[in-house]
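Descriptive structure summary
Read off the chains here:
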Amino acid sequence: MQVFILGGTGTIGTAVVAELVSRNHQVLALSRSEKSDELLISAGATPFRGNLTEPDSWADAAVSSDAIIQAAATFGEDMGDVDAKAMKALTQAAATRSDPTRLIYTGGCWLYGETGDEIATEDRPFNPLPAFSWMVAHAQMLLDAPQLRTAVVHPAMVYDMRDGGVFYRFLSAAKNGQRTEIWGSKATRWPLIESSDLARVYCDLVERSDLVGFFNAVSEEGVTVGRIASVISEAYGSPTEPMIRTVDEAVKENGAWAKGPTLDQQMSARKLQSAIDWQPQITDFAEQTTHWISDIQT
Ligand SMILES: NC(=O)c1ccc[n+]([C@@H]2O[C@H](COP(=O)([O-])OP(=O)(O)OC[C@H]3O[C@@H](n4cnc5c(N)ncnc54)[C@H](OP(=O)(O)O)[C@@H]3O)[C@@H](O)[C@H]2O)c1
């Protein structure tokens, strides 16, 4: 199949491109720079030069492919507006095709808000942070568009063995012998998934266009950030007692998105597991991360 991906150089997209290429799919990837061109070519994809903010230049090429994956985000103040313009352009371009266009859209665990001791399934009502509420509306608009066949993936917090993903802050502090910084509380739980396990979800959904709707993607339902930070600190032999910052401090220094990592959440992938027979291959972040750090050090 030919797959057009937005965000093919990001945490999620890099793993998805690798998995698509390994399955012999032809990958066209939106790229806004020479650096991204090089990354994509070395991964086996073909860059398509354009910007997420100017969808008229790439929407026709995207809908001419067998499937589209949206895993791009600017993470700026304009994040929702840019996504709205891009998804509207795709929807309009898809209306010119005789068959519905397959689209995999990326949502996220933060759309459920705090779940506490409950485990979020796809039936749970959304309670997004204000900074991400647009994502719920866009997902619904794409699911409702008759010219699209949309599956929306809600990834858990994604870690990877390239730059760490959501573990990045902990890894870089511990590597430099510093205390890790936790926003909010050590008891906050994160649902986790490793990027290559998540990539198999996207690729399975690309190949199964009969599956539409929301799909949670998660390997470990809820791990405390205190445990994550201490596993990483211990692996580097750096101070294990984290520094606790308040949620307000984190938001003031990093922007509204910083409330996301302070949400106490648990999430289940039971729907996905029964729909596509998907099972994570990496189910213990601690073992995986400790091996990875030890490999880097030797
Ligand atoms: N990572 C997670 O743990 C996680 C969990 C749940 C949901 N999500 C959601 O998944 C999506 C992707 O997240 P991510 O962590 O993979 O993001 P990321 O690592 O920051 O990657 C963002 C991607 O978007 C591209 N991009 C940004 N602005 C662009 C523009 N103006 N034109 C073209 N491309 C542009 C980037 O390209 P360049 O390489 O050119 O910058 C990159 O490929 C987001 O919507 C996020 O909310 C992420």
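In terms of regular secondary structure, the protein is built from eleven helices and twelve strands. Computed over C-alpha atoms, the radius of gyration of the protein comes to 19 Å, within 12% of the 19 Å expected from 2.2 N^0.38 for 298 residues, which places it in the range of a compact globule. Across its three principal axes, the protein shows a C-alpha extent of roughly 60 × 40 × 40 Å. Across the 298 residues that make up the protein, the buried fraction comes to 48%. Across the protein, the fraction of contacts at a sequence separation of at least 24, relative to all contacts at a separation of at least 6, is 78%.

Before going further, it helps to spend a moment on the domain arrangement of the protein. Once the domains are mapped, the protein shows domain 1 (2–159 + 192–220 + 268–276) and domain 2 (165–189 + 221–266 + 283–297). If you average the C-alpha positions of domain 1 and of domain 2, the two centres end up 26 Å apart. Contacts between the two partners involve 24 residues from domain 1, matched on the other side by 16 residues from domain 2. Among the secondary structure elements, those contributing two or more residues to the side of domain 1 that touches domain 2 are strand E7 (157–159) and strand E9 (189–194). With three residues, the single largest contributor to the side of domain 1 that touches domain 2 is E7. Residue classes in the side of domain 1 that touches domain 2 are distributed as 13 nonpolar, seven polar and four charged.

Now for the site of the ligand. Residues in contact with the ligand amount to 27 residues; listed here are only the nearest, Gly10, Leu52, Ala72, Gly108 and Val158. Ranked by residue count, the leading element in the shell around the ligand is helix H1 (residues 11–22), at three residues. By residue class, the composition of the shell around the ligand is twelve nonpolar, 14 polar and one charged.

Here helix H4 (residues 79–94) is 16 residues long and its end C-alpha atoms lie 22 Å apart, about the 22 Å a rise of 1.5 Å per residue gives. Among the residues of H4, those classed as buried are Asp83, Ala86, Met87, Leu90, Thr91, Ala93 and Ala94. The buried residues of H4 occupy an angular sector of 165° when the element is viewed end-on, so they sit on one face. Contacts from the buried residues of H4 go to helix H3 (59–63), strand E4 (67–70), strand E5 (101–106), helix H5 (133–144) and strand E6 (148–155).

The next point concerns the sheet that holds strand E11 (residues 220–224). As a general point, the strands of a sheet are linked pairwise by backbone hydrogen bonds and lie either parallel or antiparallel. The three strands are arranged E7-E9-E11 in an open sheet whose pairing can be described as mixed. Sheet topology places E7 and E11 at the edges, where each strand pairs with a single neighbour. Within the sheet, the average angular offset between the axes of one strand and its neighbour, ignoring direction, is 50°. Two elements, E7 and E9, share three bridges in a ladder whose sense is parallel.

Turning to the pairing of E6, a few remarks are in order. Of all the eight residues making up E6, eight are buried; the element is thus mostly covered by neighbouring parts of the structure. In E6, alternate side chains face the same way, and those of Leu148, Thr150, Val152 and His154 on one face and Arg149, Ala151, Val153 and Pro155 on the other are all buried. Between E5 and its parallel partner E6, the chain crosses via H5, and the hand of that crossover is right-handed.

The phi torsion at Asn24 lies on the positive side, around 65°, for a residue other than glycine. Checked against the element boundaries, Asn24 lands in the loop between H1 and strand E2 (26–31). Owing to 8 C-beta atoms within 10 Å, Asn24 belongs among the exposed residues under this scheme. The backbone phi angle of Phe75 is positive, close to 55°, even though this residue is not glycine. Along the chain, Phe75 turns up in the loop between E4 and H4. On the basis of neighbour count, Phe75 is assigned to the exposed category, with 10 C-beta atoms found within 10 Å.

As summarised here, the arrangement of the seven strands in space is E3-E2-E1-E4-E5-E6-E10, forming an open sheet in which the pairing is parallel. The sheet terminates laterally at strand E3 (46–49) and strand E10 (213–217), the two strands that pair on one side only. In this sheet, adjacent strand axes meet at a mean angle of 25° when their direction is disregarded. When E4 meets E5, the two strands line up parallel, connected through four bridges.

In contact at an axis separation of 9 Å, helix H8 (residues 225–236) and helix H11 (residues 285–297) are set at 25° when each is read in the N-to-C sense. It follows from the interaxial angle that H8 and H11 lie roughly parallel. Crossing handedness for the pair H8 and H11: right-handed. Contacts from Ile228, Val231, Ile232, Ala235 and Tyr236 of H8 reach H11 at Phe285, Ala286, Thr289, Thr290, Ile293 and Ser294. For the contact of H8 with H11, the residue count by class is eight nonpolar, three polar and no charged.

What follows concerns the packing of H4 against H5. Two packed helices can be described by the angle between their axes and the distance between those axes. With their axes 10 Å apart at the nearest point, H4 and H5 run at an angle of 10° to one another. Judged by the angle between their axes, H4 and H5 are roughly parallel. Where H4 approaches H5, its residues Gly80, Asp83, Ala84 and Met87 are matched on the opposing element by Trp134, His138, Met141 and Leu142. Here the residues of the contact of H4 with H5 are counted per class, giving five nonpolar, two polar and one charged.

Conventions and cut-offs
- Residues numbered from 1 in each chain as written.
- Predicted model: local features only at pLDDT ≥ 70, side-chain atom pairs only at ≥ 80, totals over all residues.
- Helix = DSSP H or I, 4+ residues; strand = E, 2+ residues; numbered from the N terminus.
- Rg over C-alpha atoms; globule rule 2.2 N^0.38 Å.
- Buried ≥ 20, exposed ≤ 12 C-beta atoms within 10 Å, placed from the backbone.
- Contact = placed C-beta atoms within 7 Å.
- Domains from an automatic or database assignment.
- Nonpolar A, V, L, I, M, F, W, Y, C, P; charged D, E, K, R; others polar.
- Near = placed C-beta within 6 Å.
- Expected span 1.5 Å × (residues − 1).
- Arc of directions from axis to C-beta.
- Pairing = 2+ DSSP bridges.
- Axes fitted to C-alpha atoms, helices over the stretch in contact; angles between N-to-C directions.
- Right-handed = clockwise from strand over helix to strand, strands pointing away.
- Parallel < 35°, antiparallel > 145°, perpendicular 65-115°, else oblique.
- Left-handed = near helix turned anticlockwise from the far one by under 90°.

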